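If you want the building blocks of each chain, they are given just below.
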2 protein chains.
Amino acid sequence: MDLYSGYINKLIEALASLPGIGNKSAQRLAFHMIHMPVEDVQRFANTIVEARTHVKYCKSCFTLTDDEICPICANLNRDHKTIMVVETTRDLAAYEKTAKYDGVYHVLHGAISPMLGIGPNDIKLKELMVRLQEDVDEVIIATNSSLEGETTAMYISKLIKPTGIKVTRIASGVPVGGDLEYIDEVTLLRALEGRVEL
Amino acid sequence: MDLYSGYINKLIEALASLPGIGNKSAQRLAFHMIHMPVEDVQRFANTIVEARTHVKYCKSCFTLTDDEICPICANLNRDHKTIMVVETTRDLAAYEKTAKYDGVYHVLHGAISPMLGIGPNDIKLKELMVRLQEDVDEVIIATNSSLEGETTAMYISKLIKPTGIKVTRIASGVPVGGDLEYIDEVTLLRALEGRVEL
């Protein structure tokens with residue numbers, strides 16, 4: 001697009017390279033930024049760079065945090081003998097929002113995917129096994145209910161079983177409020193298999 | 001949200017303040033950036049600041065450009081006696097894409113909106129009137145077909161009429177490929193009023 005100035009074109013391209021931002025959105029965002037006060041733009045750019053450079057992995061659970069040890073791992077009121085394994089920090093946040101889980105987490109930062117060439121060594125799995133050498137009662141596998149998530153869950157459970165530590169998997173089934181009519185067959189069968197007595 | 005690190009929260013907030021970016025998108029973008037290589041993040045931030053600080057208004061038509069005079073105004077092969085008045089640089093780009101218009105433009109950077117408190121002095125209208133002191137044959141008003149765009153068009157035409165310069169308005173009607181069934185009544189009436197002989 002030579003319609004715009006070189007600087008605007010570069011900005012549009014940079015924005016359009018972000019996930020979920022198409023060309024139209026990138027244009028709208030670019031023109032919005034061009035009309036923002038210079039100080040605000042400078043502050044926005046600094047916020048991005050600061051976040052990228054200051055955020056680190058928690059030395060224990062590998063979630064993204066400002067500190068060496070994240071607030072959850074540092075909290076002695078939480079049950080450090082129960083570890084929930086999640087794929088991403090966002091998944092951790094989703095469970096934290098329920099305010100019902102009081103164990104700790106382990107963030108894998110990905111899932112095993114032969115398709116994408118992501119193997120067990122590409123996610124924080126060794127780090128999980130190191131943690132299991134301490135006193136742990138239960139590992140709850142809360143990876144996604146996708147092919148990759150299930151593969152990862154199976155792999156982890158096989159890895160942990162020999163240690164004698166209890167391994168569980170979060171239930172899959174019909175989402176609360178879900179209309180059976182619109183739920184896929186695999187989920188329906190899962191919900192049937194996982195039925196509980198009332 | 002205290003679920004994430006302070007730096008990530010700041011980044012999510014900054015992203016969510018952009019138009020069309022909701023909280024979920026802001027989270028996805030923030031985590032994408034956190035996982036980008038540091039150099040790429042630095043380059044991205046620079047691109048934003050550079051665009052904001054280097055881009056200026058064309059001294060003639062006020063579109064956003066890298067130069068004092070934009071490539072369109074600098075092009076002597078274009079018809080400088082025909083000026084198309086648009087609201088934004090994006091609208092200019094939309095007409096440029098047609099590759100059929102060979103006049104020049106005037107970018108108002110907004111439209112008159114009593115609702116938003118935007119008056120004639122808040123858009124580049126005085127600058128348009130200055131340009132009309134030169135040799136101009138026709139002013140084509142191509143503001144949006146919205147309430148604000150129509151108000152602005154009316155205002156401009158009243159302003160220019162006394163100068164004797166021809167003032168035209170782009171046609172409104174059924175969009176090409178549009179299905180009459182789904183077109184609003186106002187547009188249908190406009191299309192009827194604006195009918196042309198075949």
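Since we're looking at a predicted model, the values are computed, not measured.

### A look at the relation of the copies chain B and chain A
Part 1: The two copies are related by a screw operation: chain B maps onto chain A through 180 degrees of rotation and 0.0 Å of translation along the axis, at an RMSD of 0.1 Å. Those values place the two copies in the arrangement expected of a two-fold rotation axis. Considering only C-alpha atoms, the part of chain B nearest the rotation axis is Ala45(B), at 2.3 Å.
Part 2: Same-surface contact between copies: 98% of interface residues of chain B are shared with the interface of chain A.

### Focus on the interface of chain B and chain A
Part 1: Counting from both sides, the interface comprises 49 residues of chain B and, opposite them, 48 residues of chain A.
Part 2: The contact between chain B and chain A buries some 4,800 Å² in all, and 75% of this surface belongs to carbon and sulfur atoms.
Part 3: Our enumeration of links across chain B and chain A arrives at two salt bridges.
Part 4: The shortest N-O distance in the salt bridge between Lys10(A) and Glu50(B) comes to 3.9 Å.
Part 5: Remark: the boundary between chain B and chain A carries eight residue pairs in polar contact (both at pLDDT 80 or more).
Part 6: Listing elements by their share of the side of chain B that touches chain A, those giving two or more residues are α1 (6-16), α2 (23-34), α3 (38-54), β2 (64-65) and α5 (89-98) of chain B.

### Side note on the pattern of salt bridges
All names here are of chain A.
Part 1: Within the structure shown, the criterion is met by twelve salt bridges over all chains.
Part 2: One salt bridge in this structure joins Arg43 and Asp40, with 3.5 Å as the shortest N-O distance. Of the two residues, Arg43 and Asp40 both sit in helix α3 (residues 38-54), three residues apart, roughly one turn of that helix.
Part 3: Here Arg78 ties to Glu96 by a salt bridge, and the two come within 2.8 Å at their closest N and O atoms. Taken as a pair, Arg78 in the loop between α4 (71-74) and β3 (79-86) and Glu96 in helix α5 (residues 89-98) lie far apart in primary sequence, 18 residues in all.
Part 4: Arg78 gets classed as buried once you look at its relative accessible area, which sits at 13%.

### A look at the packing of helix α1 (residues 6-16) of chain A against helix α2 (residues 23-34) of chain A
Residues and elements named next belong to chain A.
Part 1: Where α1 contacts α2, the axes come no closer than 8 Å and their chain directions differ by 130 degrees. When the interaxial angle is binned, α1 and α2 end up oblique. For α1 against α2, the interelement crossing comes out right-handed. Between α1, through Ile8, Leu11, Ile12, Leu15 and Ala16, and α2, the contact on the second element is made entirely by Asn23, Ala26, Gln27, Leu29, Ala30, Phe31, Met33 and Ile34.
Part 2: Here the contact of α1 with α2 is composed, by residue class, of eleven nonpolar, two polar and no charged.

### Some points on the domain arrangement of chain A
Part 1: By the assigned domains, chain A splits into domain 1 (6-54) and domain 2 (69-197).
Part 2: Summarising the inter-unit geometry, the C-alpha centres of domain 1 of chain A and domain 2 of chain A are found 35 Å apart.

### Points about the sheet that holds strand β4 (residues 103-107) of chain A
Residues and elements named next belong to chain A.
Part 1: On the basis of which strands lie adjacent, the open sheet formed by four strands has the order β4-β3-β5-β6 and parallel pairing. Of all strands in the sheet, those with a lone pairing partner are β4 and β6 (166-169), marking the two edges. Between one strand and the next, the sheet's axes are offset by a mean angle of 25 degrees, whatever the strand orientation.
Part 2: Judged from the four bridges that link them, strand β5 (residues 138-141) and β6 form a sheet pairing that is parallel. Its bridge partner being in β6, Ile140 is matched across the sheet by Thr168.
Part 3: Of the strands in this sheet, β3 and β4 are in contact with α5, which crosses β4 at around 160 degrees.
Part 4: On the sheet, helix α7 (residues 147-160) packs against β3, β5 and β6 and is oriented at approximately 170 degrees with respect to β6.

Quick notes on the rules
Positions within a chain are numbered from 1, following the residues in the order the chain's sequence is written. Chain letters and ligand numbers both follow the written order, the letters beginning at A and the numbers at 1. Given that the model is predicted, a residue must reach a pLDDT of at least 70 before its local features are reported, and side-chain atom pairs must reach 80 or more before they are shown or counted; all residues, however, enter totals for whole chains, interfaces and linings. Side-chain metrics in this entry use all non-hydrogen atoms of the structure; hydrogen atoms and water are not considered. Least-squares superposition aligns the copies on the C-alpha atoms of those residues with pLDDT at or above 70 in both. In this analysis, two residues are considered to be in contact whenever any of their non-hydrogen atoms come within 4.5 Å of each other. Accessible area, probed at 1.4 Å, shrinks when two parts are joined; the buried area is that loss added up over both. Any carboxyl oxygen of Asp or Glu that lies within 4 Å of a side-chain nitrogen of Lys or Arg is treated as forming a salt bridge with it. By the criterion applied in these results, polar contacts are pairs of N or O atoms within 3.5 Å in which, for protein atoms, one can donate a hydrogen and the other can accept it, and in which residues neighboring in sequence qualify only through two side-chain atoms. Numbering of helices and strands runs from the N terminus; a helix is a DSSP stretch of H or I covering at least four residues, while a strand is a stretch of E covering at least two. Between buried and exposed lies partly exposed: a residue is buried under 20% and exposed over 50% of the maximum accessible area for its type, with that area taken using a 1.4 Å probe on protein chains only. An axis is simply a line fitted to the C-alpha atoms; with a helix, the fit covers only the stretch in contact. Between two such axes, the angle follows the N-to-C directions and lies from 0 to 180 degrees. Angular relationships are summarised with four words: roughly parallel below 35 degrees, roughly antiparallel beyond 145, roughly perpendicular across 65 to 115, and oblique for the angles in between. Each crossing is labelled by how the near helix is turned from the far one, with a counterclockwise turn of less than a right angle marking it left-handed and a clockwise turn marking it right-handed. Under this grouping Gly is polar, as are all residues other than the nonpolar Ala, Val, Leu, Ile, Met, Phe, Trp, Tyr, Cys and Pro and the charged Asp, Glu, Lys and Arg. What counts as a domain boundary in this text is fixed by an automatic or database domain assignment. By definition, two strands form a pair when at least two bridges between them are found by DSSP.

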